[in-house]
Amino acid sequence: MNSIIRLTAAETAARIASGELTAVEVTEAHLARIEAVDEKVHAFLHVDREGALAQARTVDAKRAAGEKLGPLAGVPLALKDIFTTDGIPTTVGSKILEGWIPPYDATLTKKLKAADVVILGKTNMDEFAMGSSTENSAYGPTGNPWDLTRVPGGSGGGSSAALASYQAPLAIGTDTGGSIRQPAALTGTVGVKPTYGGVSRYGMVAFSSSLDQGGPCARTVLDAALLHEVIGGHDPLDSTSIDAPVPPVVEAARNGSVAGMRVGVVKQFRGEGYQAGVVQRFDESVALLKELGAEIVELDCPSFDLALSAYYLIAPSECSSNLARFDAMRYGLRVGDDGTRSAEEVTAITRDAGFGDEVKRRIMLGTYALSSGYYDAYYGSAQKVRTLITRDFEKAFERVDVIVSPTTPTTAFAIGERADDPMAMYLADLCTIPTNLAGNAAMSLPCGLAPEDGLPVGLQIIAPAMKDDRLYKVGAAVEAAFVERWGHPLLEEAPSL
Amino acid sequence: MPGITREEVAHLARLARLDLKSEELDHFAGQLDDIIGAVARVAEVADQDVPPTSHPLPLTNVMRADEVRPSLTPEQALSGAPAHEQQRFKVPQILGED
């Protein structure tokens, strides 16, 4: 395997800045890797070969001209196909937007370009980010690089699989109920859901507006921090964007430590449904935190038991409204317009043809939860649960600096195993959902392999809103201790493709 | 809580503008009934005196100055439309000939 693709993003940027490597060399190495392995992995929906090389040439020209380069200049990145990209297809993993080429860039896309990050292409995802396995993509599933017969998680399975198979050192995901952290856990990579409002949602195709949050995916905690600083910050085009500086995440990632910190362990994040190997690795992580100088505090957050139920009412309710824009009139697919049907009939035929099962299921669930007579019992109650979950977090963060948990109850499951059982699939996000409902920040990083199947296990770290730097401070300390214990990064144990 | 019937799913599909086929209605009715059954637990807190949270941030309207700024050209705005004519979206007719 070409050694360039094994470098971290920080190392790659440093070598480009010093002239040891050119951005074009780095980009070509990754494009060659994509060509060699992506037929098996299917992490990408669209590879923008020419655009990536043009961006890389610009970086090399800037360096040659003596311009100061940004901290990630020339580093390749895989972008989830949920962010609009001017001139490059954006499908959101759905047939309803097949072939759609946006006429504008998302704010996040603009920030990446301005930082001279090289966008390799768009990654596969569950349709409209609805799913926990990337099996709901209209363009076929992505394989987990650890075992191609298993799922890489979802909905950002393409982004995480691209990292784990060394097709890109950086990627972008979005997290509505765990879609950055759960795939990170299942592929042995790092994923961060920033504080809600910390990264602009402008140009990010909406699924559930009060929960969706874009964020960084990487192979190391420092790389995630470097990317977080590039994409974070206030955006006047997004009314849900927080008007405050990005917390000092890079500084925190460079100074990892848990000494003297109080770390909470929530009793609701274990029990039935948790795989023995996942619990074992989590317990070892807690022991490690103690060794590193943290004080462990047991927490009781009773409302977390209702989080999954609240989420599966709130997210579908918001999606049923957000996805009404796919009406076959202004963009995307139009089916059945033969001159005999009304606009309403064409809309219904198009939406049936263009949306997959999971999307239809959630649209109907949301329509039901919001309908007259059921609103109070379902949507109204779910919003009350959201209040209780936020209160549980507030109480917990009075006693602790961060909370830790397993990221997912199990390791990667087989492709097809949960496809016809929505409730079984939904359980994959059991530990990640409370954070989305409350809007605070969370990270997943690898904490070992489950002994029974040899697959990666994720450790979740949760911090209060706008304290994203704590994730990186703790994450960097845990990562360094684990790498020292293992003798190498976990991903080096993945089979070669 | 009432269960969800095939007829209700058909009604929801009409409301949601989804032209579901007969076999899809059967398929979804069973699944939606299971999901609703599982998530109905949220009603356990319904009686409590708890204010609802619709959003994690307090939202305020953002106003911008009323000034002319560059935006998409008509060609760009229409570039993704399934059909267009004379710089307008072309949509199927709603009213009949008569």
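In the annotation of an unreviewed UniProt entry, chain B is listed under the name Aspartyl/glutamyl-tRNA(Asn/Gln) amidotransferase subunit C and assigned to Streptomyces uncialis.

A.B. asks: It is not clear to me how the sheet that holds strand β4 (residues 170-174) of chain A should be interpreted in this structure. Could you clarify?
C.D. replies: Sheet strands pair by backbone hydrogen bonding; their relative direction is either parallel or antiparallel. All names here are of chain A. Read from one edge of the open sheet, 11 strands run β1-β3-β2-β4-β6-β5-β10-β11-β9-β7-β8, paired in mixed fashion. Looking at strand neighbours, the two that pair on one side only are β1 (44-47) and β8 (295-299), the edges of this open sheet. Averaged over all adjacent pairs, the angle separating strand axes in this sheet is 30 degrees, with direction ignored. Packed onto the sheet, helix α16 (residues 468-486) meets β5 (190-193), β6 (214-218), β9 (402-406), β10 (441-449) and β11 (456-463) and runs at close to 5 degrees relative to β10.

A.B. asks: I would appreciate a short explanation of the interface of chain A and chain B in the present structure.
C.D. replies: As a measure of interface size, the accessible area lost when the parts come together is often cited. Taken together, the contacts link 63 residues of chain A with 54 residues of chain B. With both sides pooled, the region where chain A packs onto chain B buries about 5000 Å², and carbon together with sulfur makes up 68% of that total. It is Met364, Tyr368 and Lys384 of chain A that lose the most area in chain A upon contact with chain B, and together they represent 14% of the buried surface on that side. Across the chain A-chain B interface, the total number found is 2 salt bridges. The interface formed by chain A and chain B contains 17 residue pairs in polar contact (both at pLDDT 80 or more). Secondary-structure elements contributing two or more residues to the side of chain A that touches chain B are α10 (307-322), α11 (343-354), α12 (357-369), α13 (376-399) and α14 (422-426) of chain A. Examining the composition of the side of chain A that touches chain B, we find that 11 residues originate from one element, α13 of chain A, more than from any other. Split by residue class, the side of chain A that touches chain B holds 33 nonpolar, 14 polar and 16 charged.

A.B. asks: Quick question: what am I supposed to make of the pairing of strand β7 (residues 262-266) of chain A here?
C.D. replies: For a regular strand, the rule is simple: side chains alternate between the two faces of the sheet. Residue and element names in this part refer to chain A. Among the 5 residues in β7, 4 count as buried, and that is most of the element. Judged from the 5 bridges that link them, β7 and β8 form a sheet pairing that is parallel. Paired with Val266 across the strands is Leu299, a residue of β8. Pairing of β7 with β9 involves 3 bridges; the strand directions are parallel. Of the residues in β9, the one forming a bridge with Val263 is Val402.

A.B. asks: Whenever I open this one, helix α3 (residues 49-64) of chain A confuses me. Can you help?
C.D. replies: Residues and elements named next belong to chain A. Compared with the 22 Å implied by 1.5 Å per residue over 16 residues, the 23 Å span of α3 between its first and last C-alpha is a close match. Within α3 the residues assigned to the buried category are Ala52, Leu53, Gln55, Ala56, Val59 and Asp60. Projected down its long axis, α3 shows its buried positions confined to an angular sector of 160 degrees, all on one face. Pointing more than 90 degrees away from the buried face of α3 are the exposed residues Glu50 and Ala64. The inward-facing, buried residues of α3 contact α1 (9-18), α2 (23-41), α4 (107-114) and β3 (118-123).

A.B. asks: Is there a simple way to explain the packing of helix α1 (residues 6-15) of chain B against helix α2 (residues 22-39) of chain B in this structure?
C.D. replies: To characterise two packed helices, one gives the angle between the axes of the helices and the distance between these axes. Residues and elements named next belong to chain B. Running from N to C, α1 and α2 cross one another at 110 degrees; their axes reach a closest spacing of 9 Å. When the axes of α1 and α2 are compared, the pair comes out roughly perpendicular. Together, Arg6, Val9 and Ala10 of α1 and Ser22, Leu25, Asp26, Phe28, Ala29 and Leu32 of α2 make up the contact between the two elements. Tallied by class, residues from the contact of α1 with α2 come to 6 nonpolar, 1 polar and 2 charged.

A.B. asks: What am I meant to see in the pairing of β9 of chain A here?
C.D. replies: Residue and element names in this part refer to chain A. By the criterion of burial, β9 is predominantly enclosed, with 5 of the 5 residues buried. In terms of strand pairing, β9 meets β11 through 4 bridges, oriented antiparallel. In the sheet register, Ser405 faces β11, and the bridge partner there is Gln460.

A.B. asks: For this particular structure, what's the right way to read the confidence of the model for chain B?
C.D. replies: Fine structural detail should not be taken from predicted coordinates in areas where pLDDT scores are low. Residue and element names in this part refer to chain B. In this model, chain B carries an average pLDDT of 90, and 95% of its residues clear a pLDDT of 70 or more. Confidence scores differ between elements of chain B, with α2 showing the lowest mean pLDDT of 93 and α1 the highest of 95. Interface predicted TM-score (ipTM) for the complex: 0.93; the corresponding pTM is 0.97.

A.B. asks: What is the right way to look at empty space enclosed by the protein in this model?
C.D. replies: If you roll a probe as big as a water molecule over the atoms, it shows you where there is empty space left. Residues and elements named next belong to chain A. Within this structure, the stated rule accounts for 2 cavities of 30 Å³ or more. Empty space within the largest cavity amounts to approximately 80 Å³. Lining of the largest cavity is provided by 13 residues; of these, Gly198, Pro245, Val246, Pro247 and Met466 occupy positions nearest its centre. Looking at side-chain class alone, the lining of the largest cavity contains 6 nonpolar, 6 polar and 1 charged residues. Roughly 50 Å³ of internal volume is contained in the second largest cavity.

A.B. asks: Before we go on, may I ask you to explain the pattern of salt bridges in this structure?
C.D. replies: Note that side chains of opposite charge can pair when their charged atoms are close. Residues and elements named next belong to chain A. In the structure shown here, the tally under the stated rule is 23 salt bridges over all chains. The closest approach of N and O atoms between Glu284 and Arg281, which form a salt bridge, is 2.9 Å. You can see Glu284 and its partner Arg281 sitting in helix α9 (residues 276-291), 3 residues apart, about one turn around the helix. Glu291 serves as the salt-bridge partner of Arg485, at 3.9 Å between the closest nitrogen and oxygen. Taken as a pair, Arg485 in helix α16 and Glu291 in helix α9 lie far apart in primary sequence, 194 residues in all. Owing to a relative accessible area of 43%, Arg485 belongs among the partly exposed residues under this scheme.

Conventions we followed
- Within each chain, residues carry numbers counting from 1 in the order of the written sequence.
- Chain letters and ligand numbers both follow the written order, the letters beginning at A and the numbers at 1.
- Note on the predicted model: pLDDT of at least 70 is required for a residue's local features to be given, and 80 or more for side-chain atom pairs to be given and counted; whole-chain, interface and lining totals, by contrast, use all residues.
- Excluding hydrogens and water, the side-chain values take into account all heavy atoms of the structure.
- Strands are labelled as partners when DSSP assigns at least two bridges between them.
- By definition, any uninterrupted DSSP run of H or I lasting at least four residues is a helix, any uninterrupted run of E lasting at least two residues is a strand, and each is numbered from the N terminus.
- A fitted line through C-alpha atoms serves as each axis, taken over the contacting stretch for helices, and the angle formed by two N-to-C directions is quoted from 0 to 180°.
- We call two residues contacting when some pair of their heavy atoms lies within 4.5 Å.
- By buried area we mean how much accessible surface two parts lose on assembly, using a 1.4 Å probe and totalling the loss over both.
- Within this document, salt bridges are pairs made up of a side-chain nitrogen of Lys or Arg and a carboxyl oxygen of Asp or Glu, the two lying within 4 Å of each other.
- Between N or O atoms, a polar contact is any pair within 3.5 Å; within protein, one atom must be a potential hydrogen donor and the other a potential acceptor, and residues adjacent in sequence are included only when both atoms are from side chains.
- Under the scheme applied, nonpolar residues are Ala, Val, Leu, Ile, Met, Phe, Trp, Tyr, Cys and Pro; charged residues are Asp, Glu, Lys and Arg; polar residues are all the others, including Gly.
- Only protein chains enter the calculation, and the probe is 1.4 Å; a residue is then buried if its accessible area is under 20% of its type maximum, exposed if over 50%, and partly exposed in between.
- Take the number of residues in a helix, subtract one, and multiply by 1.5 Å to get its expected span.
- Directions from the helix axis toward the C-beta atoms define the arc.
- Between 65 and 115 degrees an angle is taken as roughly perpendicular, under 35 as roughly parallel, over 145 as roughly antiparallel, and anywhere else as oblique.
- Every residue is assigned a pLDDT by the predictor, reflecting its confidence on a scale from 0 to 100.
- The way it works is a 1 Å grid over only the protein atoms, where trapped points that fit a 1.4 Å probe form a cavity and open points with protein on both sides within 12 Å along at least five of seven lines form a pocket, and then any residue with an atom within 4 Å of a point lines it.
- Grid points are joined across faces, edges and corners, and a volume is the space filled by probe spheres set on the points.

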